[in-house]
Amino acid sequence: MTERGGQSHDALFRATLRSGRPIGNSSTPRAKQMARMSSAGLRLRYDRGVTTKRTVPVQTSKKTNKFVVSQDQVERFKKDTAEILVCAICSALLYRPMVLSPCGDKFCSSCVARLFEVTLEKDIWEADEFVPSCPTCLHPISTASTDGQTSRMLDKFLEMFPDLKPNAETCAAKDQNDFLYKSGGSIFRPPMAVNGVRFAMNVLRD
């Protein structure tokens, strides 16, 4: 290998590549190609007489999307959701919610129990044909069942807003007269009178 000025041709070639200057005659196709590659910012590596290009990976930062909620939006959500989860009988948040069939209206378990008690005490003994109706839509009630989906949604809502949780005295008062909850059942048929035959409240599923 010949030397020039104390440097080998290989070292001079590497230095020329790093500098970005064209090699030899700049009018040759190879020189023009290497000049274009150097001007484009590509790094060249000379290895055993073969010129290859090596690309440098570019690091990109991931954008984080932040969803900012104002206090007014939180209060509006709290108010709107609380209105949905209110019992129409006691005007408080649902406590052990039950759903009436087939209308789908929802009430506290203790409120449904009281509704059945009133029906059993008065209306069922005054008519040969009587089926209790929903206090909201007045649709005849066929069954009342525990509502697990609404119970889970209510639990999550009260975790977000613990200030809306009922106090211990209110819960104890509702539990005391809730014979539906005490029975351990999940689906109940209300007391009714059909063709002069009177049926008491019946547990359809434990």
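What counts, and where the lines are drawn
Residues numbered from 1 in each chain as written. Predicted model: local features only at pLDDT ≥ 70, side-chain atom pairs only at ≥ 80, totals over all residues. Heavy atoms only, no water. Buried < 20%, exposed > 50% of the residue type's maximum accessible area, 1.4 Å probe, protein only. Helix = DSSP H or I, 4+ residues; strand = E, 2+ residues; numbered from the N terminus. Pairing = 2+ DSSP bridges. Core = buried A, V, L, I, M, F, W, Y, C linked by side-chain atoms within 4.5 Å.

(A) Examining the pairing of strand β5 (residues 97-101) more closely. The element β5 is extensively covered by neighbouring structure, given that four of its five residues are classed as buried. Relative to strand β6 (residues 106-108), β5 is paired through three bridges, and the arrangement is antiparallel. What sits directly across from Pro97, in β6, is Cys108. Hairpin connection, β5 to β6: the antiparallel pair is bridged by four residues, and Gly104 has positive phi, about 90°. In this structure, β5 lies alongside strand β7 (residues 143-146), joined through four bridges in antiparallel fashion. The residue of β7 that forms the bridge with Met98 is Thr146.

(B) Quick look at unusual backbone geometry. In this structure, the amide linkage connecting Ser101 to the following residue, Pro102, adopts the cis form with an omega of 10°. With respect to the secondary-structure elements, Pro102 resides in the loop between β5 and β6. The backbone phi angle of Leu138 is positive, close to 65°, even though this residue is not glycine. Relative to the elements of secondary structure, Leu138 occurs in the loop between α4 (109-121) and β7.

(C) Broad picture of the nonpolar core. Counting residues in hydrophobic clusters, the biggest one holds 25 residues, and the most contacted among them are Leu100, Val112 and Leu180. Residue assignment for this core shows that the elements contributing at least two residues are β5, β6, α4 and α5 (148-160). Broken down by element, this core gets its largest block of residues, five residues, from α4.

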